[in-house]
Amino acid sequence: KGLFTYDPGFVSTAACESQITYIDGDQGILLHRGYPIEQLAEKSDYLEVCYLLLNGELPTPEQNKAFHNTISNHTMVHEQLSQFFKGFRRDAHPMAIMCGVVGALSAFYHDSLDINNAHHREVCAYRLIAKMPTLAAMCYKYSIGQPFMYPRNDRSYADNFLRMMFATPCSDYEVSPVLARAMDRIFTLHADHEQNASTSTVRLAGSSGANPFACIAAGIAALWGPAHGGANEAVLTMLEEIGDESNIPEFIARAKDPEDSFRLMGFGHRVYRNFDPRAKVMKKTCDEVLAELGIENDPLLKIAKRLEQIALEDEYFVKRQLYPNVDFYSGIILKAIGIPTNMFTVIFALSRTIGWISHWNEFHSSPNRIGRPRQLYTGYTQRDYPADR
Ligand code: CMC
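If you look the protein up in an unreviewed UniProt entry, it shows as Citrate synthase from Nitrincola tapanii. Turning to the protein, the UniProt record has this under Catalytic activity (unreviewed entry): "oxaloacetate + acetyl-CoA + H2O = citrate + CoA + H(+)". Note on the protein: under the UniProt heading Sequence similarities (unreviewed entry), the record states "Belongs to the citrate synthase family."

Asker: It is not clear to me how the overall build of the protein should be interpreted in this structure. Could you clarify?
Answerer: The secondary structure content of the protein amounts to 17 helices and three strands. Dimensions of the protein along its principal axes, counting C-alpha atoms only, are 75 × 60 × 50 Å. Across the 389 residues that make up the protein, the buried fraction comes to 42%. In the protein, of all internal contacts separated by at least 6 residues, the share reaching a separation of at least 24 is 76%.

Asker: When you look at the nonpolar core in this model, what are you seeing that I'm missing?
Answerer: Side chains that are nonpolar tend, in soluble globular proteins, to be buried together. By size, the foremost hydrophobic cluster in this structure holds 107 residues, and its most contacted members are Met98, Val102, Met183, Ile216, Ile220 and Ile347. Once residues within four sequence positions are removed from consideration, Ile216 is found in contact with Val102, Leu128, Val202, Thr353, Trp356 and Ile357.

Asker: Looking at this model, I keep getting lost on the site of the ligand. Mind explaining?
Answerer: Near the ligand, the surroundings consist of 21 residues, among which Ala231, Arg263, Phe267, Gly268 and Arg270 are the closest. Tallied by class, the residues present in the shell around the ligand amount to eight nonpolar, nine polar and four charged.

Asker: Could you clarify how one ought to interpret the pairing of strand 2 (residues 29-32) in this entry?
Answerer: Regular strands place side chains that alternate from one sheet face to the opposite one. In strand 2, alternate side chains face the same way, and those of Leu30 and His32 are buried while those of Ile29 and Leu31 on the opposite face are not. Hairpin connection, strand 1 (residues 21-24) to strand 2: the antiparallel pair is bridged by four residues, and Gly28 has positive phi, about 70 degrees. Strand direction decides the pairing type here: strand 2 and strand 3 (residues 35-36), joined by two bridges, are antiparallel. In the sheet register, His32 faces strand 3, and the bridge partner there is Tyr35.

Asker: Any chance you could explain the confidence of the model for the protein here in plain terms?
Answerer: The predicted coordinates of low-pLDDT regions are not to be read in fine detail. The share of residues in the protein with pLDDT of 70 or more is 99%, and the mean pLDDT across the chain is 95. Model confidence for the complex: the whole-complex pTM is 0.95, and ipTM, which rates the interface, is 0.96.

Asker: Would you take a moment to explain the UniProt feature "active site" (unreviewed entry) in the protein for this structure?
Answerer: The sites that carry the UniProt feature "active site" (unreviewed entry) are, in the present numbering, His269 and Asp327. What stands out for the annotated residues spanning 59 residues is how close their C-alpha atoms remain, the widest pair being 10.7 Å apart. Among the secondary structure elements, His269 is positioned in the loop between helix 12 (248-256) and helix 13 (277-292). Under the C-beta neighbour-count criterion, His269 is labelled buried, with 23 such atoms within 10 Å. Among all residues touching His269, those that are not within four sequence positions of it are Asp276 and Asn325. Looking at the secondary structure, you find Asp327 in helix 16 (residues 327-337). We classify Asp327 as buried; it has 29 C-beta atoms within 10 Å. If we ignore the near neighbours within four places in the chain, the residues touching Asp327 are Ala231, Asn232, Val235 and Gly266.

Asker: How do you make sense of the pairing of strand 1 when you look at a structure like this?
Answerer: The alternating pattern of strand 1 places Thr21 and Ile23 on a buried face and Tyr22 and Asp24 on a face that is not buried. Note that strand 1 and strand 2 share four bridges and pair antiparallel. Opposite Ile23, over in strand 2, you have Leu30 as the bridge partner.

Asker: Please explain the packing of helix 9 (residues 197-207) against helix 10 (residues 212-223) as it appears in this structure.
Answerer: How two helices sit against one another is set out by the angle between their axes and by the gap between those axes. Orientation of helix 9 relative to helix 10, taken along the N-to-C sense of each, is 150 degrees, at an axis distance of 8 Å. As the angle between them shows, helix 9 and helix 10 are arranged roughly antiparallel. By crossing handedness, the relation of helix 9 to helix 10 is classed as right-handed. Mapping the contact onto sequence places Ala197, Ser198, Thr199, Thr201, Val202, Ala205 and Gly206 in helix 9 and Ala214, Cys215, Ile216, Ala218, Gly219, Ala222 and Leu223 in helix 10. For the contact of helix 9 with helix 10, a count of residues per class yields nine nonpolar, five polar and no charged.

Asker: Hey, could you run me through the sheet that holds strand 3 in this one?
Answerer: Paired through their backbone hydrogen bonds, the strands of a sheet run either parallel or antiparallel. Taken together, the three strands give an open sheet; going across it, the order is 1-2-3, and neighbouring strands pair in antiparallel fashion. In this open sheet, the two edge strands, each paired with only one partner strand, are strand 1 and strand 3.

Asker: I keep staring at unusual backbone geometry and nothing clicks. Help me out?
Answerer: Most peptide bonds take the trans configuration, and most residues that are not glycine carry a negative phi. For Phe10, which is not glycine, the phi torsion reads 50 degrees and is therefore positive. Even without glycine at this site, Gln321 takes up a positive phi of about 55 degrees.

Asker: What's the story with the environment of Ile333 in this structure? I'm lost.
Answerer: Mapped onto the elements, Ile333 comes out in helix 16. For Ile333, a count of 24 C-beta atoms within 10 Å translates into the label buried. Taking the C-alpha atoms as reference points, Ile333 and Tyr157, separated by 176 residues in sequence, lie 18 Å from one another. Not counting chain neighbours up to four residues away, the residues in contact with Ile333 comprise Ala182, Ile186, Thr285, Cys286 and Val289.

Asker: I would appreciate a short explanation of the environment of Gln146 in the present structure.
Answerer: Positionally, Gln146 belongs in the loop between helix 6 (118-144) and helix 7 (157-166). As a C-alpha pair, Gln146 and Thr75 span 71 residues in sequence and 20 Å in three-dimensional space. Apart from the residues lying within four places of it in its own chain, the contact partners of Gln146 are Lys141 and Thr168.

Asker: Before we go on, may I ask you to explain helix 17 (residues 344-365) in this structure?
Answerer: Every α-helical turn comprises 3.6 residues, leaving residues that sit three or four positions apart pointing alike. Over its 22 residues, helix 17 runs 32 Å from end to end, which matches the ideal 32 Å to within 8%, given 1.5 Å per residue. Of all the bends in helix 17, the largest measures some 40 degrees and sits at Arg352. The element helix 17 is extensively covered by neighbouring structure, given that 19 of its 22 residues are classed as buried.

Definitions and cut-offs
Along each chain, numbering runs from 1 in the same order as the chain's sequence is written. Totals for whole chains, interfaces and linings use all residues, but because this is a predicted model, local features are given only for residues with pLDDT of at least 70 and pairs of side-chain atoms are given and counted only at 80 or more. UniProt positions are given in the numbering used here, feature names are shortened, and annotations may be inferred rather than shown by experiment. We count a stretch as a helix when DSSP gives it H or I for four or more residues in a row; a strand needs E for two or more, and each element gets its number in order from the N terminus. Partly exposed residues are those falling between the two cut-offs: more than 12 but fewer than 20 other C-beta atoms within 10 Å of their own, whereas 20 or more means buried and 12 or fewer means exposed, with C-beta atoms placed from the backbone. Contact between two residues is assigned whenever their backbone-derived C-beta positions fall within 7 Å. We define the nonpolar core as any set of buried residues of the types Ala, Val, Leu, Ile, Met, Phe, Trp, Tyr and Cys, connected via C-beta atoms lying within 7 Å of each other. Contact assignment follows one rule, namely that a residue is near a molecule or strand if its backbone-placed C-beta atom lies within 6 Å of it. The nonpolar class holds Ala, Val, Leu, Ile, Met, Phe, Trp, Tyr, Cys and Pro. Asp, Glu, Lys and Arg form the charged class, and all remaining residues, Gly among them, are polar. DSSP calls a pair of strands paired once it identifies at least 2 bridges connecting them. A score from 0 to 100, pLDDT tells how confident the predictor is in each residue. Comment: axis = line fitted to C-alpha atoms, over the contacting stretch for helices; angle = value between 0 and 180 degrees taken between N-to-C directions. Every angle not falling under 35 degrees, over 145, or within 65 to 115 is termed oblique; those three ranges are roughly parallel, roughly antiparallel and roughly perpendicular. For any pair of crossing helices, the crossing counts as left-handed if the nearer helix is rotated counterclockwise from the farther one by less than a right angle, and right-handed if it is rotated clockwise. Any helix carries an expected span of 1.5 Å times its number of residues minus one. Values of bend correspond, residue by residue, to the angle between axes fitted over the seven residues ending at that residue and the seven starting there.

The structure is reproduced here in structure tokens:
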């Protein structure tokens, strides 16, 4: 026994060195390559943040243009890949489809899967960043029985995604700049978050030498759970279940009851013990979107704001330092844009792909070895197989 450090949940174990993202959970600070998330959300767009996370520096205007062009060149998926969707039931959860189709991308790019080749790694990253919106929108279109829409490379990343979601061959979809900006901000706020469960999964899968598409599929699977990326879907389901401000005390009481497994979704974070800086930007964006759409009195927003207020004053939450996290307000924005609840975690996966692939690339760009956690064995000591069997 005493040979290993026992750290269930990896509360105090650093599994790697990284130069990508810094979090100070006590101060509520999140930096990507040194830049505060608030400044990036205000001044950059998502693709610029992708470039920063991947390359370490903000792009010059020329680099930015070239990067946008490169991503645009890779937005289509192979026609054969669209056949994969037909293998799924139409009511399949889109995250189930994403796990399958993203992993399947590795079957299409044998020519660039050498993980020791920096150029191959770069091209895989471009393909993933570019194809995730296309695949995500295909999941939605498949679920409602509409034809897939091809990407439009003359549009911005967020605008193109919304168009692939909501246009049809019979009617184009004009994306409001406010909504496109809000979508872009949601992508940016979810872009990376150092060694969370899904990123650690991608690094661990990558440490065995698995190809990047398979590693990202593993990340999508890890993200799906409600304690992680599935929380955005769970928040909206919870707000709808609460239904009316008068029911909030009942849900607060349930969250505090040690006998009840119910938790206030969108509250709490392993690292942030003060506030989640992403949640502040998200809340502001939420107000902007609802004002743009003229639905400031959205009943779910009212419930969310009241719930936040009550929880922030309640001794249980204060003592445990439980604050709204990034996903508390994102669902309200996505719903207002018209995105169905079961697509919320897919959008998180789309956004986080840049974080996953940047960490995967960082792992392979530096000296590394396979990840192999140990355990404290608590089972039987050696015993003989029963003689009478
Ligand atoms: N509602 C009620 N009680 C809570 C909550 C909550 N949302 N979160 C934690 N607690 C309590 C928990 O019961 C425990 O109480 P006690 O000390 O009396 O046993 C204490 O707070 C510490 O909880 P923990 O489970 O040890 O904390 P953790 O760091 O392991 O879990 C968490 C972090 C995010 C999984 C958890 O806070 C949670 O389940 N939150 C709800 C789900 C959620 O919103 N997840 C999204 C996280 S942000 C997006 C992302 O990065 O994935």
